[in-house]
Each structure stands twice: as C-alpha cells, then as structure tokens.
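Next come the chains, spelled out residue by residue.
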Amino acid sequence: MAKGKTRKEGALPPTGAGLIRYFDEETKGIKMSPYIAVGLCIATGVIVVLLHVLR
Amino acid sequence: MSKLEIFSPLYRFLPEVSVPKRHIPFKEKITWSAVILSIYFALSQIPLYGVSEKVMDWLSGFRVVLAGNSGTILTLGIGPIVTAGIIMQLLVGSDILDLDLTTHKGKEIFQGTQKLLAIFLCFFEAFAMAKGENMAQGAMLLIVTIQMAIGGILVMIMDEVVTKWGFGSGISLFIAGRVSAQVLWKAFSFLPSETSPDQLIGAVPAFIKSFINGNPEWTRPGLLPGMDQVFFTVVVFLIIVYIESIRVEIPLSYGKFKGIRGRYPIKFIYASNIPMILTVAMFSNIKLMAHILNTRGITWLGTFDSRGNAVSGIVDYIQPPYSLYALSQEPFKALVYLIMVVLLCIFFAVLWIELTQMGPEAVAKKTGEIGNADPWIQKGSKSSEESSFQIHTTGYGDGWSSCRIDSCCGKLYRCSGNRHRNLINCGHPV
C-alpha cells in the first residue's frame, strides 16, 4: 500500500511535448476506438492517392 | 466560471480517441506506436492532390521540430497542435483566462478549447499556405486547403492514439521519427544531390569519395551535410544522453510508516525538450506571418528567396545557421539567434513548470499531501534540525541546428522542510 504511494509521487503531470493535456479526463467529444482512428488515416491516404491516379 | 464556457456546446463535435479501459500490455503498446509511426511516414510521402509544381516550404528550417513534410498531406506537421498549446498556456499562465486547472471542469474546458483552437489553426494555416503560395486557384484552392487541414487533424488524432494506447507522446514520436530518418539519410545516402548533381547527399559517402580522389573535404558549402555536421551530431547526441541521465534523487521518508523510504527524482533537464519545441513553434509562426504579409506586399517582418529562406528583416535572425561554414560567414546573426533562443527557452520553461504544477512549491505541497508523507532529508546529509533540500533545476541555452541541445530554465530553489510538520514550507529562489 505504502509502496504504491511512493510510486505515485514520482508521477509527472499529464503532458506531452510542451502541451498541457488532460487525456485521462473523459470529455463529451465523439469517441472513436484507435482502430477507427487508424482506419481514418489510411482512408485519407488512399483517397488522396486515388485522386492522383484517377486524374 | 470562465469565459471559455461559451465554447462548451462545441466540445461534443470534437473527435476523440477513447481511453483504454484496461491495462495495455507492453507488446500492444509497441504495436500501436509502430503502426502510427508507419502511417505517419506513409502520409508524409503522399503529395497534395491539385498541386503540380514543387512549392516553397514556408516552414523550412523549423521542420526538425515541427515534423511534417512540405507539399504533402502532412505539410502542417505538429505546428497547429503546438501553436494552440502555446496560446492556451500563455492565456492561462498570464491569468487572462481564469481557469482552475485542478478541477475536472477546468481541465475539460482547457482540453476542449485547446483542441478547438488547434482545429481552427489547421484550417487557417492550410488556407494561408495554399493561398499565399498560389498552390491552386478557384475550387482547387479549397480542395488543397481541406487536404492540408485534414492532415493536421489526422496528426492530432494519431498523437492521441500514441498517447493513450502507445508509448509516450505522439508528438515526440513524430519529431524523433523524422529526425532519425534525416540523420540516416543525410549521413549515408548514396544518391546525388538535386541541386548539385555531381555531389552525393550523404556526408559519409561524399567524404569517402573526396578522400579517394585525394582531396578530403571535411565541410561542404551550401546546405549539403559535411563531416563536421556528422561529428557535431554524434557529440551532441552523447552529451544529451549523458545530461538526460543526470538527476538529483531526494530521499523521502514517511511519517506514517516508519522505515519506508521513497525517492523523488529531479532531472537536471527538468523541462526536457519542451521549451525548445515551444520556441521553435513560435519562430515558425513569426515566419508564417511574414510569408502571409509578404504576399500582400508588406515586408517589414522580412523577405524571402525563392526557396523559402529568409534573406532580410527579423525572420532572417530567427533562422539557425546550418553549418560551420554558415556560422563563419555570419557570426553576429548566429549570436543573436543563440541569445534569443536561450531567453525564450528560459521564459517557456519557467511558464511551463509553473503551469504544470511542477514548480518547487507545488511539488513540495504534493509531496506533503500524498499519503500524509513527511518528507525530510536523511540525517547527516544536511543539517539535522532544519533539514532542507533543493529542487535544482538548472539550465542552459542551446545553439544552432547542428548542435541543438534542448534547453531548460535555470532556477535554483531551496526548499526547507521541517520533519515535524506534514507540509513543508518553500522558500524563494536562492
């Protein structure tokens, strides 16, 4: 129990590369799973490549 | 509670990657990071649809930190995210926006507004670049703008996936990915340079070639990497690895549980690379603004040559010298750049440390509060009655691009703690 506390103390604030972010907080936004996120990225890439090919 | 609450109805439209409800195993974290990094590299190679000729890179010189790739879907890189972050931090840090970041509500508003601002900046920067560079006309202008803006938003989403499901932050991963690729490319590429076809791109092959020809060249003029850059890259890398590991570990003991000891590590580079990222993002925004003004014929911020490099005005001074050769040509410019970077890094480091509750007072308070701890220095290491410890965040500035050392602020605090009290009092900077 006490050990857990010890570890907690070393925890740094939720930041990444200079930005203060609170990603662990649930917000009201449109939720998507990481699979959807990856799918969106790939889809965008494919669409732009297709635009180049079909022109 | 805050003026920002008027935006809260818009938060429900913001895309958000869900937070994992379970523990993510190591293997899965690696997989997510690797998948996102691969997609990031792939997207940064897909050219924008509707832009035929090669366009000038408005952010050249800052790509090291801003990531992204000019003329591709990821032209904007992490620029909009970081810029939104800076604006929010400055507004909240200066108390212009009254937000209590210790509450859930405050955090939600901060996070939501930052994201809204980032999305707005994606569209704004994309439009400014597309329009200012005459990338396309009419309806095509809109299509090009949308592609770049979506690219910016995708970077935001990818960053969230890495941050929530992978390792560390996505932004750091994108920067590191690009830099690693560039280091390998510029050091070892056997391909001839586009600008001067008789020269090889890679510094090492070019050096070997010149050595075989009986005339070894250590430095190369222009933007071609030379052995001097390879040398400084290695030296700086080793220095940073060493300095990153320097830390002071403050021993803590607990009033409640006798014999249980904890350690609170304080890194020498306390603010890490954060001040440098913020500084470069600020410079890139000044450069972006100068480009926009240039297209309207206003040149007081500076002018550019056909390749997007500044040639006069303020913007000429916010570009790092690219090689020893460039440094020897314009030492005064390099000095001005160095001083500006150091001062801005100190400013951002102090601001960031205070805002993220990493300052000595906040840390001391937290240390005292968590687990009813009673922090004190072990007997003998300091005066025993009024034991004290130091939060010693040090700093130094950084130099030019070939020797970029991440900087952080220089502040020496002395906190004095009394082991008979639960909370320790913090003093002023020594």
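Residues numbered from 1 in each chain as written. Chains lettered and ligands numbered in written order. Predicted model: local features only at pLDDT ≥ 70, side-chain atom pairs only at ≥ 80, totals over all residues. Heavy atoms only, no water.

Here we look at the environment of D228 of chain B
All names here are of chain B. The cut-off we apply is this: The numbering of helices and of strands both runs from the N terminus, where a helix is a DSSP run of H or I of at least 4 residues and a strand a run of E of at least 2. Burial classes: relative accessible area under 20% of the type maximum marks a residue as buried, over 50% as exposed, and values in between as partly exposed (1.4 Å probe, protein chains only). Whether two residues are in contact is decided by their heavy atoms, any of which lying within 4.5 Å being enough.
With respect to the helices, strands and loops of the structure, D228 is situated in helix α8 (residues 227-245). A relative accessible area of 9% means that D228 is categorised as buried. Through-space distance from the C-alpha of D228 to that of L142 is 44 Å; in sequence the pair is 86 residues apart. Once you skip the residues sitting within four places of it in the chain, D228 turns out to touch W218, T219 and L324.

What about a nonpolar patch on the surface?
Spelled out, the test is: Candidates for patches are residues over 30% relative accessible area with no salt bridge; among them, like charges are joined within 9 Å and nonpolar side chains (Val, Leu, Ile, Met, Phe, Trp, Tyr) within 5 Å. Calculation of accessible area relied on Shrake-Rupley with a 1.4 Å probe; when residues are assessed, cover is drawn exclusively from the protein chains displayed. Only one rule defines a salt bridge in this text: a Lys or Arg side-chain nitrogen within 4 Å of an Asp or Glu carboxyl oxygen.
A surface patch of nonpolar side chains, about 560 Å² in accessible area, is lined by I42, V46, V49, L50, V53 and L54 of chain A. By relative accessible area, V53 of chain A is classed as exposed at 60%.

A few points about the packing of aromatic side chains
For any pair of aromatic rings, the description consists of the separation of the ring centres together with the inter-plane angle of the planes. Basically, it comes down to this: Any pair of Phe, Tyr and Trp rings, taking the six-membered ring for Trp, is counted once the centres come within 6.5 Å. Such a pair is stacked with planes under 30 degrees apart, edge-to-face with planes over 60 apart, and tilted for the rest.
Per the stated rule, a full pass over the model turns up 13 aromatic pairs over all chains. An aromatic cluster is built from Y35 of chain A together with W32 and W165 of chain B, whose rings are joined through pairwise contacts.

Some points on the domain arrangement of chain B
Residue and element names in this part refer to chain B. Put simply, the test is: Domain boundaries shown here were taken from an automatic or database domain assignment. Note on definitions: buried area is the accessible-area loss of two parts on being combined, 1.4 Å probe, summed for both. In the analysis that follows, any N or O atom pair within 3.5 Å is treated as a polar contact, provided that within protein one partner can donate a hydrogen and the other can accept it, and provided that, for residues neighboring in sequence, both atoms belong to side chains.
Under the domain assignment, chain B is made up of domain 1 (1-188) and domain 2 (270-357). Domain 1 puts 21 residues into the contact, and the matching count from domain 2 is 25 residues. Of all residues in domain 1, the largest losses of buried area upon contact with domain 2 belong to W58, F62 and Q89, amounting jointly to 29% of the total for that side. Summed over the shared surface of domain 1 and domain 2, the number is 1 residue pair in polar contact (both at pLDDT 80 or more). At the level of secondary structure, the elements contributing two or more residues to the side of domain 1 that touches domain 2 comprise α2 (63-66), α3 (79-93) and α4 (104-132).

Structural notes on unusual backbone geometry
Residues and elements named next belong to chain B. The phi torsion at A67 lies on the positive side, around 55°, for a residue other than glycine. Considering the arrangement of structural elements, one finds A67 in the loop between α2 and α3. The class of A67 is buried, set by a relative accessible area of 0%.

Considering the side chain of S44 of chain B
All names here are of chain B. Examined against the element boundaries, S44 turns out to sit in the loop between α1 (26-43) and α2. Judged by relative accessible area, S44 falls into the buried class, the value being 5%. Not counting residues within four places of it along the chain, the set of residues in contact with S44 comprises N69, T72 and L74.

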